[in-house]
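# Fold and geometry: a report
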Amino acid sequence: MSKKDAKNVISSYRKKQKLGPYILGGIAIVLAIVGIVLLIIYLVGGGDGPKISLFSSKTPTPTETPTPTPVTPTSTATMTATATNTPTITPTPTVTPTPTVTPTLAPTVPPSAMCLYVANYGSRTVARANWDVSGAENLGGSSGSLDQPYGIALDLTAGKMVVTNYDSNTISRGNLDGSGGESLGDLGGLLNQPYGIALDTAAGKMVVVNYGDSTVIRANLDGSGAVSLGDLGGLLDSPLGIALDLSAGKMYIANYGDNNIIRANLDGTNPEDLGDLGGNLDDPYDVALDVAAGKLYVANYDSSNIIRANLDGTSPEDLGDLDGKLSYPTGIALDVAGGKMGVTNDD
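A brief look at the structure comes next. Quick caveat, the model's predicted, so the values are computed rather than measured.

## Remarks on the side chain of D245
Of note, D245 is situated in strand β12 (residues 239–245). Within the structure, D245 has its side chain in polar contact with the side chain of S247 (distance 2.7 Å). Once you skip the residues sitting within four places of it in the chain, D245 turns out to touch K250, Y252, L289, V291 and L311.

Dropping the structure here:
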């Protein structure tokens, strides 16, 4: 080996000596990089430890599995449907009909026997007869309780007659055959020359007209609970006869002193003057009603005739003196079914 070659070998060796540390450092760096890569792969893809996102800039907190919170059910609101505005219909008031009371044929006529009952003022008795005046009989003085009787009315349901005693200011009651007479008294001292009388048996009431003080008295059928309905707004003047239209709740009174007919409610309210029936009334003593036909009949004492008119006093008619049979008539009763009237004469 030449000297030149030897220098080259030595020079080459020295260069290798200088490069050794760099090579070893490079290997160490490579190994370090490989270790880091392996560690990262481990942490990301394998192992039992927590996983770390390669892109997270923060150290993640271990994720806790949340405990399910029980949800208290909220009450379901019931939705109220919005009603379409329907026009409100005002209901027609139901009118309770007033029971129609079939009137008796007349205050003094019992339909079952088709008889007339007459109070005899002078003899203090009651007489009974058929409508053709056959079978007449004297029922006596109702066990001595009658004292110059004028008005008479019948309670057919109870089988009783009720009579006004003009002079003693009392009411008497007896059976339809005249037996069992009793006095119902002076109705609490309210009677003053009582004349006409009518009964509202459905209501259990009697209505009495006082001639003496021009008033109307109402009481129970046994004479208790008597009250004065007054003079009907000052319209009464020496009233005598009375008749009731129970279906309409009205009373009709023959007003002797003023020659007119007075109408009022059964309790005395709403009094009306129906007038003198076209100037035809002349001392009217009694009044009777044919409710079905809408007519009233009046007995004229002084002119001895019968006047007929509508229930409101319109369309009056003079029926005359019944072929000369009337002489100062004081009472009148109707047999509506038979188309007859019965009239008592004072002469």
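## Observations regarding unusual backbone geometry
Where the residue is not glycine, phi is negative for most of them; where a peptide bond is considered, it is trans in most cases. Here the phi dihedral of Q193 falls at roughly 55 degrees; this positive angle occurs in a residue that is not glycine. Its location among the elements puts Q193 in the loop between β7 (182–185) and β8 (194–200). Using a relative accessible area of 28% as the deciding quantity, one classes Q193 as partly exposed. Residues other than glycine seldom take positive phi values, yet D283 does so here, at roughly 55 degrees. Checked against the element boundaries, D283 lands in the loop between β15 (272–273) and β16 (284–290). Assessed through its relative accessible area of 16%, D283 is described here as buried.

## As for the sheet that holds strand β17 (residues 295–300)
The strand order β16-β17-β18-β19 describes an open sheet built from four strands, whose pairing is antiparallel. Two strands bound the open sheet, and with one partner strand each, they are β16 and β19 (317–318). With six bridges joining them, β16 and β17 adopt antiparallel strand pairing. Within β17, the residue paired with L289 across the bridge is L296.

## With respect to the pattern of salt bridges
Tallied over the entire structure, the rule returns six salt bridges. In this structure, E272 and K250 form a salt bridge, with 3.9 Å as the shortest nitrogen-oxygen distance. Highlighted residues: E272 in strand β15 and K250 in strand β13 (residues 250–255), separated in sequence by 22 residues. We classify K250 as buried; its relative accessible area is 13%. In this structure, the salt-bridge partner of R263 is E272, at a minimum N-O distance of 3.0 Å. Looking at E272, the relative accessible area reads 25%, which means it is partly exposed. Taken together, the shared-partner salt bridges in this structure form one network comprising K250, R263 and E272.

## Let's talk about the pairing of strand β9 (residues 205–210)
For β9, the tally of buried residues reaches five of six residues, placing the bulk of the element in the interior. Looking at chain direction, β8 and β9 are connected through five bridges and run antiparallel. Along β9, the bridge assignment pairs D200 with K205. Counting the residues between successive antiparallel strands, the hairpin from β8 to β9 contains four residues, one of them, G204, with a positive phi of roughly 70 degrees. Here β9 pairs with strand β10 (residues 215–220) via six bridges, running antiparallel. Its bridge partner being in β10, V207 is matched across the sheet by R218. Counting the residues in the hairpin turn of β9 and β10 gives four residues, including S214, whose phi is positive at 55 degrees.

## Thoughts on the pairing of strand β5 (residues 160–165)
A regular strand carries its side chains on alternate faces of the sheet. Among the six residues that make up β5, six are buried, leaving the element largely enclosed by the rest of the structure. The alternating pattern of β5 places K160, V162 and T164 on one face and M161, V163 and N165 on the opposite face, and all of these are buried. Pairing geometry for strand β4 (residues 149–155) and β5, over five bridges, is antiparallel. Paired with D155 across the strands is K160, a residue of β5.

Definitions and limits used
Residue indices begin from 1 for each chain and proceed along its sequence in written order. Side-chain atom pairs in this predicted model are given and counted only at pLDDT of 80 or more, local residue features only at pLDDT of at least 70, and totals for whole chains, interfaces and linings cover all residues. To get the side-chain values, all heavy atoms of the structure are used, and hydrogens and water are removed first. Only DSSP runs of H or I reaching four residues or more are called helices, and only runs of E reaching two or more are called strands; each is numbered from the N terminus. Any pair of nitrogen or oxygen atoms within 3.5 Å is treated as a polar contact; in protein, a donor-acceptor pairing is required on top of that, and neighbouring residues in sequence qualify only through side-chain atoms on both sides. The contact definition used throughout considers only heavy atoms, calling two residues in contact when any of these lie within 4.5 Å. Buried means the residue's accessible area, taken with a 1.4 Å probe over protein chains only, is under 20% of the maximum for its type, while exposed means over 50%, and partly exposed covers the values in between. Pairing between strands is defined by DSSP: at least two bridges between the two strands are required. One side-chain nitrogen of Lys or Arg within 4 Å of one carboxyl oxygen of Asp or Glu is enough to make a salt bridge.

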